[in-house]
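# Geometric and topological summary
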Amino acid sequence: MSRLRSIAERLVSLLPPRFQPMVRWRFIKFGLVGASGTVINIAVLYAAQEYLLRGIADFHVRLNYSIALAITMATISNFYWNRRLTWRDRTRNTSQSAMLLFFKYVMAAALSIVIQSLLTKWLALYLHYIVANLISIVLASVVNFVANDKLTFRRHRPETPASSTASSNAHDKP
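Description of the structure in this document. (Residues numbered from 1 in each chain as written. Predicted model: local features only at pLDDT ≥ 70, side-chain atom pairs only at ≥ 80, totals over all residues. Heavy atoms only, no water.)

## Looking at the side chain of asparagine 133
The line we're drawing: Only runs of H or I of at least four residues qualify as helices and only runs of E of at least two qualify as strands under DSSP, and these elements are numbered from the N terminus. What qualifies as a polar contact is a pair of N or O atoms within 3.5 Å, subject to a donor-acceptor requirement within protein and to the restriction that residues adjacent in sequence count only when both atoms come from side chains.
When you line up the elements, asparagine 133 lands in helix α6 (residues 129-152). Here asparagine 41 takes part through its side chain, which lies 2.6 Å from a polar atom of the side chain of asparagine 133. Of the polar contacts made by the side chain of asparagine 133, one reaches the side chain of threonine 120; its length is 3.2 Å.

## A word on the pattern of salt bridges
The line we're drawing: Salt bridges, as used here, are contacts in which a Lys or Arg side-chain nitrogen is within 4 Å of a carboxyl oxygen on Asp or Glu.
Under the criterion given, the structure shown has one salt bridge. Between aspartate 89 and arginine 26 there is a salt bridge whose closest N-O contact spans 3.0 Å. Placement of the pair is aspartate 89 in helix α4 (residues 88-91) and arginine 26 in helix α2 (residues 25-52), with a sequence separation of 63 residues.

## Notes on the packing of aromatic side chains
Stated formally: Only Phe, Tyr and Trp rings are paired, with Trp represented by its six-membered ring, and only when their centres lie within 6.5 Å; those with planes under 30 degrees apart are stacked, over 60 edge-to-face, the remainder tilted. To sort residues, take the accessible area from a 1.4 Å probe on protein chains only and compare it with the maximum for the residue type: under 20% means buried, over 50% means exposed, and anything in between is partly exposed.
A complete count under the given rule lists 13 aromatic pairs for this structure. Taken together, a centroid distance of 5.7 Å and an interplanar angle of 70° make the contact between tryptophan 122 and tyrosine 126 edge-to-face. Relative accessible area serves as the criterion here: at 60%, tyrosine 126 is assigned to the exposed category. Through a chain of ring-to-ring contacts, the aromatic side chains of Phe27, Phe30, Phe79, Trp87, Phe102, Tyr105, Phe145 and Phe153 assemble into a single cluster.

## Re the packing of helix α3 (residues 59-86) against helix α5 (residues 98-123)
The cut-off we apply is this: Here the axes come from fitting lines to C-alpha atoms, over the contacting stretch only for helices, and the angles between their N-to-C directions go from 0 to 180 degrees. Every angle not falling under 35 degrees, over 145, or within 65 to 115 is termed oblique; those three ranges are roughly parallel, roughly antiparallel and roughly perpendicular. Here is the rule for handedness: rotate from the far helix to the near one, and if that takes an anticlockwise turn smaller than a right angle the crossing is left-handed, while a clockwise turn gives right-handed. By definition in these notes, contact holds between two residues if any of their heavy atoms fall within 4.5 Å. Residue polarity follows a fixed list, in which Ala, Val, Leu, Ile, Met, Phe, Trp, Tyr, Cys and Pro are nonpolar, Asp, Glu, Lys and Arg are charged, and the others, Gly among them, are polar.
Where α3 meets α5, the axes come as close as 10 Å, and the angle between the chain directions of the two elements is 140°. With respect to α5, the element α3 is oriented oblique. Relative to α5, the crossing made by α3 is right-handed. The residues of α5 that touch α3, namely those facing His60, Asn64, Ile67, Ile71, Thr75, Ile76, Asn78, Phe79, Asn82 and Arg83, are Ala98, Leu101, Phe102, Tyr105, Val106, Ile113, Gln116, Ser117, Thr120 and Lys121. Across the contact of α3 with α5, the residue classes break down as ten nonpolar, eight polar and two charged.

## Examining α5
Note the threshold: Here the expected span of a helix is defined as 1.5 Å times the quantity of residues minus one. Note that the bend at a residue is defined as the angle between axes fitted to the seven residues ending at it and the seven residues starting at it.
Here α5 contains 26 residues, and its C-alpha end-to-end distance of 35 Å stays within 8% of the 38 Å for a straight helix at 1.5 Å per residue. Taking the largest bend as the criterion, α5 deviates by roughly 45°, centred on alanine 110. Looking only at α5, the buried set comprises Leu101, Tyr105, Ala108, Ala109, Ser112, Gln116, Thr120 and Leu123. Elements in contact with the buried residues of α5: α2, α3, α4 and α6.

This is the structure:
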């Protein structure tokens, strides 16, 4: 894994300095998890649209349900792998339950899910729905990374002795 990391770091160093922070190792892992989620998303979207929900005659109504199912399955998978790989260092020492983190993950990703859904529906008017979905996933993924990095898996500052004393003193006062 360290060899892969050194190759990735060399590639990142070739980018202009202002873009380097965006594509550091965490973002690369996020991208790999996202790529696996994209495969799940497209497979579920296709299976739902062409087979599972074929009984729904209206293409656009069927597409709404297919998109919802695809996004749900990909979101569950992405949460699991992002928690285990991308932000593992930030989830080891947390007292938050997996369900609470998942709730935060879904809330933080809500904007990107809305962006992906609306863009897919709009672009599907002009492109094949799979192509429309791929374009939407790429555009929404940057929003998703920033939201989850800053909200769901944010860094927790370690308590200093002075701050823990101050907080315990605050609780002792009537």
